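Structural characterization, general
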Amino acid sequence: MEALDKNALESLLQRACAMALANVKSRAGGPFAALLLENGDVVGMGVNHVVTSNDPSAHAEVLAIRDACKRLGRSDLSGLVLLSSCECCPMCLAAAKASNIASVYFAATRKDAARAGFSDDAQYELMLAGGIEKHATRMTIHAAEQLLAGHGAMVEFEHGGKAKYAYGDYRDAGKNDPTDFPCVQAIRSACAEFGHFHLPENTRLISRDMPHPLSLMVADWARIGRVRGGDTQDPAQDKVAKDTSRIHYANTQFESLPQQARAEDVWQEICNPSAVHIALGGGCTAAFDAWCECTASGKLPRY
């Protein structure tokens, strides 16, 4: 990994912040953007497309990782550097750690994101509160197999007054996508069919293997297992505590894909982040200001 000096880092982070602002102004998604570098060259780019793609995993960092993997033809991103306009949420930090990214730098903080209505800070609180038992409950392998019907993971949700099912499998995992766990596949498929990046309150996620930390955070962004407030349609009223009866797993080994960091190491990273904050001043929060204006006027939906 080639070392980057502070001026180069600041310049690239300012570029990411400008991309984030442009993304909101174009109504394409949330106020986040990310770049991936290999030996100082940009090999991956992403802006948040959760809204337009109905995909709760489509955060800027995850899309930058997928872009880099596609360009480089590999899922192992050892030695690469991730630059983000804002501190990674636990999902994105999990994706970075799982794909062996060497270091992460960011401009705006999770507190800035919280002030704009995002739940990143609350997710970190949940991570610090405990492990898998704070998110999910174990069921017998027999019971899981009856529900999964040979699949690696499934999402059960209601749509149009009927029960619907979406599935995910290791055999369908993208060769160059280090985020394509069965649980993530199932969640993305359910959201695509439901036509929204949030799923209904009674949605269930069932996994043959223990959900990877990344999968748990994708589930959280889809609001699976969230304890909802008085207005169940308003994610801002969701509680930090989880309804663990909505997420189940059978086996005690974590979901895993080739060339991934150990899930235990990912847990450690998102509980004690090693990402480095580079303060840029007020300019790094301009995208959040634009986002608040758009959501207040109903031009973009909150999540």
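Refer to the structure printed above.
A few points on the structure. Remember, predicted model here, so these are calculated numbers, not experimental data. (Residues numbered from 1 in each chain as written. Predicted model: local features only at pLDDT ≥ 70, side-chain atom pairs only at ≥ 80, totals over all residues. Heavy atoms only, no water.)

1. Digging into the sheet that holds strand E6 (residues 153–159)
The 5 strands lie next to each other as E5-E9-E8-E6-E7, forming an open sheet whose pairing is mixed. Edge positions in the sheet fall to strand E5 (137–138) and strand E7 (162–168), since each of these pairs with one other strand and no more. Pairing between E6 and E7: 7 bridges, direction antiparallel. The residue bridging Glu158 from the neighbouring strand is Ala163, located in E7. Against the sheet, helix H7 (residues 141–148) makes contact with E6, E7 and strand E8 (204–207), and its axis sits at roughly 115° relative to E8, the strand it touches most. (Pairing = 2+ DSSP bridges. Helix = DSSP H or I, 4+ residues; strand = E, 2+ residues; numbered from the N terminus. Contact = heavy atoms within 4.5 Å. Axes fitted to C-alpha atoms, helices over the stretch in contact; angles between N-to-C directions.)

2. Structural notes on the packing of helix H4 (residues 90–98) against helix H10 (residues 263–271)
Between H4 and H10, whose axes approach to 9 Å, the crossing angle comes to 135°. Between H4 and H10, the angle is such that the two are oblique. The handedness of the crossing between H4 and H10 is right-handed. On the side of H4, the interface is formed by Pro90, Leu93, Ala94, Lys97 and Ala98, while H10 contributes Asp265, Val266, Glu269 and Ile270. Residues belonging to the contact of H4 with H10 are distributed by class as follows: 6 nonpolar, no polar and 3 charged. (Parallel < 35°, antiparallel > 145°, perpendicular 65-115°, else oblique. Left-handed = near helix turned anticlockwise from the far one by under 90°. Nonpolar A, V, L, I, M, F, W, Y, C, P; charged D, E, K, R; others polar.)

3. Regarding the pairing of strand E3 (residues 81–86)
Among the 6 residues of E3, 6 are classified as buried, and the element is accordingly described as predominantly covered. In the sheet, strand E1 (residues 33–38) pairs with E3 via 4 bridges, with the strands oriented antiparallel. Looking at E3, one finds that Leu36 is bridged to Leu82. In this sheet, strand E4 (residues 103–108) lies alongside E3 in parallel orientation, the contact comprising 5 bridges. Residue pairing in the sheet places Cys86 in a bridge with Ala108 of E4. One crossover worth recording links E3 to the parallel E4 by way of H4, and it is right-handed. (Buried < 20%, exposed > 50% of the residue type's maximum accessible area, 1.4 Å probe, protein only. Right-handed = clockwise from strand over helix to strand, strands pointing away.)

4. Section: the packing of aromatic side chains
Applying the stated criterion across every chain yields a total of 9 aromatic pairs. Pairing Phe118 with Trp291 gives two aromatic rings, centres 5.2 Å apart and planes at 35°, and the pair type is tilted. Pair noted here: Phe118 is in the loop between helix H5 (110–115) and helix H6 (120–129) and Trp291 is in helix H11 (residues 286–296), with a separation of 173 residues, a long-range link. Take Phe118 and Trp291: they sit in the same class, and that class is buried. Here the aromatic residues Phe32, Phe118, Phe197, Trp221, Phe288, Trp291 and Tyr303 are joined through ring pairs into a cluster of three or more. Here the guanidinium or amino end of Arg110 rests over the ring plane of Tyr124, the centre of that ring lying 3.8 Å away. (Phe/Tyr/Trp six-rings, centres within 6.5 Å; stacked < 30°, edge-to-face > 60°. Lys NZ or Arg CZ within 6 Å of the ring centre and 35° of its normal.)

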